[in-house]
Amino acid sequence: MSAILEIRNLSKNFRHLKAVDDVSFAIPRGSCFGLLGPNGAGKTTTIEMIEGITTPSSGEIFYQGQIRDRRFLEQTGIQFQSTALMDYLTTREVIGLFSNFYPRALPLEELVELCQLEEFLDTYATRLSGGQRQRLLLAVALINDPEILFLDEPTTGLDPQSRRHFWSLISNIKARGKTVLLTTHYMEEAELLCDHMVIMDKGKIIAEGTPQGLLRQHFDFTYICIDYEDFSCDPNNLPFAIERREDCIAIATNSVEQTLAKLVTMDINLQSLRVRNPSLDDLFLKLTGHSLRN
Ligand SMILES: Nc1ncnc2c1ncn2[C@@H]1O[C@H](COP(=O)(O)OP(=O)(O)OP(=O)(O)O)[C@@H](O)[C@H]1O
């Protein structure tokens, strides 16, 4: 698949801080590409340099094989944070206002359907819930029917239901063949939506690939997890390699059956036992020694 956007050796220094440090990646056309990382990893700085909001200290950005030009600005959509909304306008009026800025704008009905805005079209922006505001901001980003859509942590702060709703809208936008660049620190979001991703930490890319490919590349075992309070013995004395997690002891095993059989013979309450595959959170912990969300 050809790259719609290519980033080469992008860096950004804020005085002595290297917020983004020699980052390169290519985004395949029509894909959802994820920039994943904890707070302060450099995701926003990277996306803002690509959008043209922040000037890079060094590096190059190519859109459709050429240095970013006017065409790039015309064919991109950016979901701004909620402060960009005018509180004294209704949803319908906000879309009308922003539509005036473009020579060609998607019809209101299409945006309403795509972002599911029907029920609050005549509601003032101040009265919208967090999830509704995000859907309106998404509609604003889609007004010029962009080829590539930039979403910077679009579901941060939303409740789980609104977050899932927003994911379904992104899936619909992907289904229209659009390219999406998404930053997030939610691994479920990245696993569900992203075809390709880079994981960033401290300004650098530490892993790159498809979510499933990355997991296959780094893990060949399953986790058996048991809550701390269920151990009457010292977990260090278990005949397995263990990982101490925030809420449980995780045992990495290549044979769930054999490990379970062994655990049954030991003085351990198995009431809380869970068996699960490694996740992107586990990958992040493995690569950096710290958790994605701390
Ligand atoms: N304008 C600025 N001046 C100085 N330092 C900045 C500026 N913008 C960002 N930084 C610093 O650069 C680093 C990367 O920040 P950035 O916002 O890109 O990270 P992020 O991965 O998007 O994190 P978050 O999820 O918290 O938004 C952080 O240490 C941040 O404090």
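Being a predicted model, the structure only gives us computed values, none of them experimental.

Asker: Could you give me a rundown of helix α10 (residues 280–288), with the residues and numbers involved?
Answerer: Of the residues making up α10, those classed as buried are L280, D281, D282, L283 and F284. Here α10 starts with a cap whose side-chain oxygen sits 3.3 Å from the backbone nitrogen of D281, and that cap is S279. Count one or two residues on from α10 and you reach G289, which has phi positive near 80°.

Asker: Pulling in residues and values, what's your account of the domain arrangement of the protein chain?
Answerer: Considered domain by domain, the protein chain is made up of domain 1 (1–75 + 147–157 + 177–218), domain 2 (83–146) and domain 3 (220–288). Relative placement of domain 2 and domain 3: their C-alpha centres are 48 Å apart.

Asker: Let's hear about the environment of E110: which residues, and what values?
Answerer: For E110, the position within the fold is in helix α4 (residues 108–115). In this structure the C-alpha to C-alpha distance between E110 and E153, which are 43 residues apart in sequence, comes to 24 Å.

Asker: Could you give an account of the sheet that holds strand β3 (residues 32–36), naming the residues involved and the relevant values?
Answerer: Here we have 6 strands laid out as an open sheet, ordered β6-β7-β8-β3-β9-β10, and mixed in their pairing. Sheet topology places β6 (76–79) and β10 (204–209) at the edges, where each strand pairs with a single neighbour. Geometrically, the sheet is characterised by an average inter-axis angle of 15° between neighbouring strands, direction not taken into account. Here strand β9 (residues 196–201) pairs with β10 via 5 bridges, running antiparallel.

Asker: Give me the lowdown on the packing of α4 against helix α5 (residues 130–142), citing residues and values where you can.
Answerer: Contact pair α4 / α5: the axes reach a minimum separation of 10 Å and the direction vectors enclose 135°. By the criterion of interaxial angle, the relationship of α4 to α5 is oblique. In the crossing of α4 with α5, the sense of the turn from one axis to the other is right-handed. Judged by residue contacts, L111, L114 and C115 of α4 engage R135, L138, A139 and L142 from α5.

The rules behind the values
- Residues numbered from 1 in each chain as written.
- Predicted model: local features only at pLDDT ≥ 70, side-chain atom pairs only at ≥ 80, totals over all residues.
- Heavy atoms only, no water.
- Buried < 20%, exposed > 50% of the residue type's maximum accessible area, 1.4 Å probe, protein only.
- Helix = DSSP H or I, 4+ residues; strand = E, 2+ residues; numbered from the N terminus.
- Polar contact = N/O pair within 3.5 Å; in protein donor to acceptor, adjacent residues only side chain to side chain.
- Domains from an automatic or database assignment.
- Pairing = 2+ DSSP bridges.
- Axes fitted to C-alpha atoms, helices over the stretch in contact; angles between N-to-C directions.
- Parallel < 35°, antiparallel > 145°, perpendicular 65-115°, else oblique.
- Left-handed = near helix turned anticlockwise from the far one by under 90°.
- Contact = heavy atoms within 4.5 Å.

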